[in-house]
Amino acid sequence: MQVLELIIFAGLAGVVLYQLYAVLGRRVGRQPEDAAAAEKLPATARQTSVADQLEDDGVGLTGLAAIRHHDPSFDLGRFLAGAKGAYEMVVRAFAAGDRETLKNLLAPNVMASFEGAIAEREAAGTTETVEFLHPPRADLERADLRGDTASVTVRFLAEFRSRTKGAEGEAVDDKRTAELWTFERSLKSRDPNWILVHVDAAEA
């Protein structure tokens, strides 16, 4: 009888162990080895995979993800560094009335606005120079993609000294500004330059 009981208990234990394996042995969710395998993939491959999966799920990409999906070479850090350089160049060119430099950096509507201000200053016989007290700060405000046109808005914080000379003499004014500049570029264009299409005041 003892032998028979041992055989019965052994059979029951086997059934229980099998059921435990059937439930707990299954792979549920993401496993550690999956993460390790993903880390071995190149970064571009991982990004493409995620983007393709989102599109397959019917989720439209927006913001920086959409821009990077259409232009994998886009790098935010490099873009912001270039935007800071463009900001300083535009501010100095505007103060100096350098129309040729501005035409290469501004959209026609922005150029028309700057041109009006420059002409008004020239009519008054006033000249201006600008000196940056510190390098401007540039932060991403928002990004968007409409068709093939990428749009990136940057918040600039800057401190500079403006020297104005006119009929009444010279005036020196230290200014601190906060502005939102929106740059655009067609991702189908071979021209890598971004154009300033809009300027707004912002809260510091």
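Residues numbered from 1 in each chain as written. Predicted model: local features only at pLDDT ≥ 70, side-chain atom pairs only at ≥ 80, totals over all residues. Heavy atoms only, no water.

**Remarks on the overall build of the protein chain**
Scanning the protein chain from N- to C-terminus turns up 7 helices and 5 strands. When its helices and strands are written in sequence order, the protein chain yields α-α-α-α-α-α-α-β-β-β-β-β. Put simply, the protein chain has 204 residues, and 27% of those count as buried. A separation threshold of at least 6 residues defines the contact pool for the protein chain, and within that pool the share at least 24 residues apart is 55%. Just so you have it, the protein chain exposes about 13,700 Å², and 55% of that area is on carbon and sulfur atoms. (Helix = DSSP H or I, 4+ residues; strand = E, 2+ residues; numbered from the N terminus. Buried < 20%, exposed > 50% of the residue type's maximum accessible area, 1.4 Å probe, protein only. Contact = heavy atoms within 4.5 Å. Areas by Shrake-Rupley, 256 points an atom, 1.4 Å probe, with all protein chains shown as cover.)

**Comments concerning the nonpolar core**
By size, the foremost hydrophobic cluster in this structure holds 37 residues, and its most contacted members are Phe79, Leu102, Leu106, Val154, Phe156, Trp181 and Phe183. Of all the secondary structure elements, the ones that give two or more residues to this core are helix H4 (63–70), helix H5 (76–96), helix H7 (108–123), strand S1 (127–132), strand S2 (137–146), strand S3 (149–166) and strand S4 (169–186). The leading source of residues in this core is H5, at 10 residues. If we skip the residues at most four places from it in the chain, Leu106 touches Val90, Met111, Phe114, Ile195 and Leu196. (Core = buried A, V, L, I, M, F, W, Y, C linked by side-chain atoms within 4.5 Å.)

**Digging into the pairing of S4**
Here S3 runs beside S4; their pairing, made up of 18 bridges, is antiparallel. Bridged to Val154 within S4 is Trp181. (Pairing = 2+ DSSP bridges.)

**Concerning the pattern of salt bridges**
By the definition in use, this model includes 13 salt bridges. A salt bridge links Arg137 to Asp139; its shortest N-O distance comes to 2.7 Å. The exposure class assigned to Asp139 is partly exposed, which follows from its relative accessible area of 26%. We note a salt bridge from Glu141 to Arg155, for which the minimum N-O separation is 3.2 Å. Separated by 14 residues along the polypeptide, Glu141 in strand S2 and Arg155 in strand S3 bring together distant segments of the chain. Under the relative-accessibility criterion, Glu141 is labelled partly exposed at 34%. A relative accessible area of 22% places Arg155 in the partly exposed class. (Salt bridge = Lys/Arg side-chain N within 4 Å of Asp/Glu carboxyl O.)

**Examining the pairing of S1**
Alternating positions in S1 separate cleanly, Glu128, Val130 and Phe132 being buried on one face and Thr127, Thr129 and Glu131 remaining unburied on the opposite face. Of the strand pairs in this sheet, S1 and S3 are connected by 6 bridges, and their pairing is antiparallel. Opposite Thr129, over in S3, you have Arg163 as the bridge partner.

**As for H7**
With 16 residues, H7 extends 22 Å from end C-alpha to end C-alpha; this agrees with the ideal 22 Å at 1.5 Å per step. Within H7, the full set of buried residues consists of Val110, Met111, Phe114, Ile118 and Arg121. Each buried residue of H7 lies within a common arc of 95° when the element is viewed along its axis, so the set occupies one face. Away from its buried face, by an angle of more than 90 degrees, H7 presents the exposed residues Pro108, Ala112, Glu120 and Ala123. Elements in contact with the buried residues of H7: H5, helix H6 (99–103), S1 and strand S5 (195–201). A positive phi of about 70° marks Gly125, the residue just after H7. (Expected span 1.5 Å × (residues − 1). Arc of directions from axis to C-beta.)

**Focus: the side chain of Thr182**
Position of Thr182 among the secondary structure elements: in strand S4. Non-local contacts of Thr182, meaning those with residues more than four positions away in its chain, are made with Ser151, Val152, Thr153, Ile195, Leu196, Val197 and His198.

**Points about the packing of H5 against H7**
It is at 9 Å that the axes of H5 and H7 come closest, and there the two elements cross at 35°. Each of Val90, Phe94, Ala95 and Ala96 in H5 lies in contact with H7, whose residues at this interface are Phe114, Ala117, Ile118 and Arg121. Partitioned by chemical class, the residues of the contact of H5 with H7 number 7 nonpolar, no polar and 1 charged. (Axes fitted to C-alpha atoms, helices over the stretch in contact; angles between N-to-C directions. Nonpolar A, V, L, I, M, F, W, Y, C, P; charged D, E, K, R; others polar.)

The analysis is restricted to geometry; functional conclusions fall outside its scope.
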